[in-house]
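The lines below spell out each chain.
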2 protein chains.
Amino acid sequence: MEIQVFGVRGLPLIRQGDDLPGMICELVAFEDGDILTVASSVYSKAKGLTRDLESIVPGADAVRIAGKTGEDPRFVQAVLDSSAAILLEDPFILSELPFGHIGVRAGVDHSNIEDGRVILLPPDPMAAAAEIRDAIDRISGRDVRVIITDTCGRAFRRGQTGIAIGWAGMTAIYDYRGDTDLFGHVLTITEEAVVDEIAAFANFVMGESHEGVPAVVFRNCHTWKGHDAVYFTPEEDIIRAALLKEHKKD
Amino acid sequence: MEIQVFGVRGLPLIRQGDDLPGMICELVAFEDGDILTVASSVYSKAKGLTRDLESIVPGADAVRIAGKTGEDPRFVQAVLDSSAAILLEDPFILSELPFGHIGVRAGVDHSNIEDGRVILLPPDPMAAAAEIRDAIDRISGRDVRVIITDTCGRAFRRGQTGIAIGWAGMTAIYDYRGDTDLFGHVLTITEEAVVDEIAAFANFVMGESHEGVPAVVFRNCHTWKGHDAVYFTPEEDIIRAALLKEHKKD
């Protein structure tokens, strides 16, 4: 069946305290099985997960790193405060967040918010996705699936793409191991990060700048079986290990 | 406007010499502006870009690496033959292809083909995309955009996703630099890898195993301005440099 994808148009600028699921339900007639993707930035704004740079006193590490990256030391302090481990300090901070995601500047963002404030990633994006899913069920009676998206750079390739940081009603990975290919061979290693594939296209539909479409609905997508282990363990992660070795030499 | 996404269903197993654009045009009534995504594997099969493992004599490096990865030395030789630079030998070969892409096993694939054969990536996927685009224009008179997709693992996150290796009728990157955000701030660093975002969702629709949907059409997608510099230069690529340093220590 044809898949339909549409942006949720007409949302106002989101402010702390806004009932985001309620506002979305006023604009979308959901059907069971729809996948709703929501930009983490609007979830965070609704929840007040922002910081005022004026209230931040940068520590010695933040001042030192800011001297290398040319950023505001208070912004760098916000990035360090959001990080569980630093993998790279410059030319940009690459860090691991407590929930497992590795990303640039810990996802701390000063775009699409008033000057002097930054938006943080939700500390528990899985719970955020579940919360939105439950709220939509309560309001509309529809069983939708939810992905919280962020944008992030990649290794080896220029440009950001949308990725999933939280999801509910689905698994992150479509696990094909044990399935057969067109010639009957058993697939032994194939795991597809479907939540990231959906989040990527959601980000394309959202746009990045002044277009203001922070939520996108996917209709008629198939379901899949799999698991949620999208983050490598430190032992599995070859690139994390190589970067940490380099970092320790500085 | 709502975006429609549909798999091209009904294609037979593709064989060398098949007129892939012609076969697709028999199944799809294209509209101007449609984006057609095609799995590199079917393009390569139609062009005979496959190798018979029996015809490959593995060299010393292939035998040595195969001893570490547990793979067939002839398969490893095919990977080395497709590679311009090796970044990692084990637990899997990560290499750079002549056209700039960095990927696992150089994209050499033994799934969805007869036993004893492997599928190679097209050596010039940009030309492949342009060729399909031109053929569809000739056959249907429609001005479509084309992306050649592959699947690839990522740093830091488990699972493969679809990526773009060739494109025609669009730029790889949507360059937002100079645009303004919702609050009027000029965006200075934002570049979005839109071809990869579209390829990712195409891969979700294609499926990986026996579903046999190697082409997907996107209708009503917006256009964008940007550039094609999706591959970092070696000087820009921090992670490539860190891996090469590790690799040289072996």
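To be clear, the structure that these remarks concern was listed above.
Source: prediction; values computed, not measured. (Residues numbered from 1 in each chain as written. Chains lettered and ligands numbered in written order. Predicted model: local features only at pLDDT ≥ 70, side-chain atom pairs only at ≥ 80, totals over all residues. Heavy atoms only, no water.)

### Re the relation of the copies chain A and chain B
- Its rotation angle being 180 degrees, the transformation that places chain A on chain B also includes 0.0 Å of axial translation and leaves an RMSD of 0.0 Å. Read as a symmetry element, the transformation amounts to a two-fold axis. Using C-alpha coordinates, one finds that chain A approaches the rotation axis most closely at Q4 of chain A, a distance of 2.4 Å.
- A symmetric contact is evident, with 100% of the interface residues of chain A recurring at the interface of chain B. (Least-squares fit on C-alpha atoms with pLDDT ≥ 70 in both. Contact = heavy atoms within 4.5 Å.)

### With respect to helix α1 (residues 20-27) of chain A
Residues and elements named next belong to chain A.
- Among the residues of α1, L20, P21, G22, I24 and C25 are the ones counted as buried.
- Summarising the contacts, the buried residues of α1 are in contact with β2 (35-39), α2 (40-46), α5 (125-140) and β12 (215-219).
- Looking at where α1 begins, the residue whose side-chain oxygen comes 3.1 Å from the main-chain nitrogen of G22 is D19. (Buried < 20%, exposed > 50% of the residue type's maximum accessible area, 1.4 Å probe, protein only. Helix = DSSP H or I, 4+ residues; strand = E, 2+ residues; numbered from the N terminus. Polar contact = N/O pair within 3.5 Å; in protein donor to acceptor, adjacent residues only side chain to side chain.)

### As for the pairing of strand β4 (residues 85-88) of chain B
Residues and elements named next belong to chain B.
- Where β4 and strand β5 (residues 94-96) come together, 3 bridges link them in antiparallel fashion. What sits directly across from L88, in β5, is L94.
- Hairpin connection between β4 and β5: a loop of 5 residues separates the two successive antiparallel strands. (Pairing = 2+ DSSP bridges.)

### Some words on the sheet that holds strand β13 (residues 226-227) of chain B
Residue and element names in this part refer to chain B.
- If you walk across this open sheet you meet the 3 strands as β11-β10-β13, and the pairing is antiparallel. Each end of this open sheet is capped by a strand with a single partner; those strands are β11 (191-192) and β13.
- Note that strand β10 (residues 173-175) and β11 share 2 bridges and pair antiparallel. Opposite D175, over in β11, you have E191 as the bridge partner.

### Describing the packing of aromatic side chains
- Summed over all chains, the structure comprises 13 aromatic pairs over all chains.
- Where F99 of chain A meets Y231 of chain A, the ring centres are 6.5 Å apart and the plane angle is 65 degrees; that geometry is what we call edge-to-face. With F99 of chain A in the loop between β5 (94-96) and β6 (102-104) and Y231 of chain A in the loop between β13 (226-227) and α7 (238-249), this residue pair connects regions lying 132 residues apart in the sequence.
- You can call Y231 of chain A buried: its relative accessible area is 17%.
- Between F201 of chain A and F201 of chain B, the ring centres sit 5.2 Å apart and the planes meet at 10 degrees, which makes this aromatic pair stacked. Taken together, the residues F201 of chain A in helix α6 (residues 194-206) and F201 of chain B in helix α6 (residues 194-206) connect one chain to another. (Phe/Tyr/Trp six-rings, centres within 6.5 Å; stacked < 30°, edge-to-face > 60°.)

### Some details on the packing of helix α3 (residues 60-69) of chain B against helix α4 (residues 73-82) of chain B
All names here are of chain B.
- Between α3 and α4, whose axes approach to 8 Å, the crossing angle comes to 115 degrees. Viewed along their axes, α3 and α4 form a crossing whose handedness is right-handed. Residues D61, A62, V63, I65, A66 and T69 of α3 touch α4, and the partners they reach there are P73, V76, Q77 and L80.
- Split into classes, the residues belonging to the contact of α3 with α4 amount to 7 nonpolar, 2 polar and 1 charged. (Axes fitted to C-alpha atoms, helices over the stretch in contact; angles between N-to-C directions. Left-handed = near helix turned anticlockwise from the far one by under 90°. Nonpolar A, V, L, I, M, F, W, Y, C, P; charged D, E, K, R; others polar.)

### Quick word on the interface of chain A and chain B
- Taken residue by residue, the interface counts 81 residues in chain A and 81 residues in chain B.
- Counting the surface lost from both chain A and chain B, the interface buries some 7000 Å², and carbon and sulfur atoms represent 63% of this.
- Inspection of the chain A/chain B interface yields 6 salt bridges.
- Residue E236 of chain A pairs with R158 of chain B through a salt bridge whose shortest N-O separation is 3.0 Å.
- One can count 28 residue pairs in polar contact (both at pLDDT 80 or more) joining chain A with chain B.
- It is α6 of chain A that contributes the most residues to the side of chain A that touches chain B, 9 residues altogether.
- Residue classes in the side of chain A that touches chain B are distributed as 40 nonpolar, 19 polar and 22 charged. (Buried area = accessible area lost by both parts, 1.4 Å probe. Salt bridge = Lys/Arg side-chain N within 4 Å of Asp/Glu carboxyl O.)

### Considerations on the side chain of H101 of chain A
- Inspection of the secondary structure puts H101 of chain A in the loop between β5 and β6.
- A distance of 3.2 Å separates polar atoms of two side chains, one belonging to H101 of chain A and the other to R157 of chain B.
- In contact with H101 of chain A, other than residues within four places in its own chain, are S95, E96, L121, C152, I163 and Y231 of chain A together with R157 of chain B.

### Some points on the pattern of salt bridges
- Applying the stated criterion across every chain, the model contains 34 salt bridges over all chains.
- Across the pair K68 of chain A and D90 of chain A runs a salt bridge whose closest N-O atoms are separated by 3.2 Å. Of this pair, K68 of chain A sits in helix α3 (residues 60-69) while D90 of chain A is found in the loop between β4 (85-88) and β5, placing the two residues 22 residues apart along the sequence.
- K68 of chain A gets classed as partly exposed once you look at its relative accessible area, which sits at 39%.
- Notably, a salt bridge pairs R142 of chain B with D32 of chain B, separated by 3.8 Å at the nearest N-O pair. Highlighted residues: R142 of chain B in the loop between α5 (125-140) and β8 (145-152) and D32 of chain B in the loop between α1 (20-27) and β2 (35-39), separated in sequence by 110 residues.
- A network of salt bridges, in which partner residues are shared, links D61, R64, K68, E89 and D90 of chain A.

### A look at the pairing of β2 of chain A
All names here are of chain A.
- Most of β2 sits inside the fold, with 5 of its 5 residues counted as buried.
- Burial along β2 is two-sided: I35, T37 and A39 and L36 and V38, pointing in opposite directions, are all buried.
- Relative to β12, β2 runs antiparallel, the two being bridged by 4 bridges. The residue of β12 that forms the bridge with I35 is F218.

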